[in-house]
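This is what each chain is made of:
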Amino acid sequence: MISKGQALAMIGDIENYHIERTSSKDNMKKFCEAICAFSNDMPGSGKNGYLILGAHDNGKLSGLRVDDKLYKTITAIRSDGNILPYPSMSVEKFSYDEGDLLVVEVVPHPFPPVKFKGKTWIRIGPRKDIATEAEERALKERRQANLWSFETYPCKEATLDDLKLDLFKNIYLPAAVDEDVLTEDKRDIKEQMAALRLYSLKEDCPTYAAILLFGKRPEYYLPGAYVQYVRFKGEDNAADIVNEHKFSGCLLDILPKLDTFIETAIVEKSPKPISPLREKMVYNYPTWAIRELLMNAVMHRDYQSNTPIKFYQYQNRIEIDNAGGLYGNANKENFPNVNDYRNPVIAEAMKLLGYVNRYNRGIARVQKELRENGNGDATFSVANITVFGVNVADAAFTADGQLDLDFANKTGDSNVASNIASNIASNIASKKRYSKEQMQRVILDSCQDYSSLEEIADRVGRSAQYIKNYYIARMIDEGLLERKFPMNHPNQQYRAKKVE
């Protein structure tokens, strides 16, 4: 805020694009228009604007006495909802012998246009007016230029000492900059990083992208910046934990570890007999598909959230959840055909280092690989605006019984198929792992007559909550099951739908 002397000097000067004085104390419309216009800063000067109450046009004090009511009324303009987005302003009273001045200092808004009751007001020299279409378009272009992603914000608490600069110099810089250009580059490291949006020269500190990529302690600044892996013995979070690991540190350290972990600890293969003389090698998950889904979570997550990426492996599936729903132009109607980047610097870094592509082909290829491996399509959770999730079935469930069941179905032997289904049910009851299709068949076999959820769960050896969450609603939608009573009935029962 200006000083008492500066305020007096301002009212003695002529009005211009960042000063407006008035002797009125109750013309709220005029005050709001002025504040809106100063917020828009049409010339792009970056200078604060000043609305000064208590002065005549000739620069003399009007004799205004500022009381609490007037002070509070003017201060309330900021958040009364008539000016949107809210202006950044402060209010100060200065007292003189001839009267008081009430000064409203307005900071230019970084994301114009700012509107008062739906109209964009600007200052043209000493007067204000409604913006033309071209002027409003210019303000919108300024808004886009100022819309930084969070990762490009300066991390003001950090310095170069908080970064692993050897990773930047030896790994990232050679990948990001052509060798010939790098040879001729005589800039210091701060300028080199700034050119890649990894350092703020204005604030003299690294950006959050640099902290994530090369930081010595990313979690100190971003508490949720890690990947939590948990392997459960059963099919829900109540099951015993078999293994867990926290992948923490900067991305240039974490990403290769995740790569290795997926290949050596997640993907399993085993031979399964399909005839007396032949075996089939069955993989529970295709390496590339799981890697792509996990790398997407790292690339697209909301790093302002304190929630880590959840990489959970259950007996029958993998679930990957990350903070932040679909972003920008992507929405549940156009996903996965349309993509957008919440973290463009991180995305560019991961592309340069070979961990992802940026051609919007990843999901289509993931689904193709999963289908070819026998997992079926991945299921994406895209409706939640704060979390994005993906669920991948374990293809090892298609081993043993399913191979036999497929053979029986192909021969048309219903008795053989029925016996195999019974064997599958027995194996399921003993907690052996099976596919979604196998489980659906057993549920249908156990629902020839109306049965309660608890009865079905008891027959197939799974919890009622699990059966309800993952099978009942889906099988009803697919026309496989029908309800006995209207939805949400307390004594609901289900049976296999009769085929006409």
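Refer to the structure above for everything that follows.
Residues numbered from 1 in each chain as written. Predicted model: local features only at pLDDT ≥ 70, side-chain atom pairs only at ≥ 80, totals over all residues. Heavy atoms only, no water.

### Some details on helix α18 (residues 464–477)
So, point 1. The first and last C-alpha atoms of α18 sit 19 Å apart over 14 residues, in line with the 20 Å expected at 1.5 Å per residue.
So, point 2. At Tyr471, α18 is bent by approximately 35°, the largest bend along its length.
So, point 3. Residues of α18 that are buried include every one of Tyr466, Ile467, Tyr471, Ile472, Met475 and Ile476, and no others.
So, point 4. Where α18 is buried, its residues meet β16 (317–323), α16 (436–445), α17 (453–460), β20 (481–483) and β21 (493–496). (Helix = DSSP H or I, 4+ residues; strand = E, 2+ residues; numbered from the N terminus. Expected span 1.5 Å × (residues − 1). Bend = angle between axes of the 7 residues up to and from the residue. Buried < 20%, exposed > 50% of the residue type's maximum accessible area, 1.4 Å probe, protein only. Contact = heavy atoms within 4.5 Å.)

### Concerning the pattern of salt bridges
So, point 1. This model, assessed by the stated rule, comprises 17 salt bridges.
So, point 2. Arg123 serves as the salt-bridge partner of Glu20, at 2.5 Å between the closest nitrogen and oxygen. In this pair, Glu20 is assigned in strand β1 (residues 19–22) and Arg123 in strand β7 (residues 119–124), connecting sequence segments 103 residues apart. Grouping residues by exposure puts Glu20 and Arg123 together as buried.
So, point 3. Among the salt bridges present, the one from Glu482 reaches Arg495, with a minimum N-O distance of 2.6 Å. Of the two residues, Glu482 is situated in strand β20 and Arg495 in strand β21; the sequence distance between them amounts to 13 residues.
So, point 4. By sharing partners, the salt bridges in this structure join Glu20, Arg123 and Lys128 into a single network. (Salt bridge = Lys/Arg side-chain N within 4 Å of Asp/Glu carboxyl O.)

### Here we look at the sheet that holds strand β5 (residues 99–107)
So, point 1. Taken together, the four strands give an open sheet; going across it, the order is β1-β2-β5-β4, and neighbouring strands pair in mixed fashion. Bordering the open sheet on either side are β1 and β4 (88–96), each of which pairs with just one other strand. Going across the sheet, the axis of each strand differs from the next one's by a mean of 15°, ignoring polarity.
So, point 2. Across nine bridges, β4 lies against β5 in antiparallel orientation. Looking across to β5, one finds that Phe94 is bridged to Leu101.
So, point 3. Where helix α1 (residues 4–12) meets the sheet, it contacts β1, β2 (49–53), β4 and β5, and its direction lies at approximately 90° from that of β4.
So, point 4. Running over the sheet, helix α3 (residues 68–75) touches β2, β4 and β5 and is turned about 160° from β4. (Pairing = 2+ DSSP bridges. Axes fitted to C-alpha atoms, helices over the stretch in contact; angles between N-to-C directions.)

### Brief notes about the packing of aromatic side chains
So, point 1. Taken as a whole and judged by the stated rule, the model has 15 aromatic pairs.
So, point 2. Pairwise contacts between aromatic rings join Tyr229, Phe247, Phe261 and Phe311 into one cluster.
So, point 3. Lying across the ring of Tyr96, Lys4 places its NZ or CZ 5.2 Å from the centre.
So, point 4. Lying across the ring of Tyr314, Arg317 places its NZ or CZ 4.0 Å from the centre. (Phe/Tyr/Trp six-rings, centres within 6.5 Å; stacked < 30°, edge-to-face > 60°. Lys NZ or Arg CZ within 6 Å of the ring centre and 35° of its normal.)

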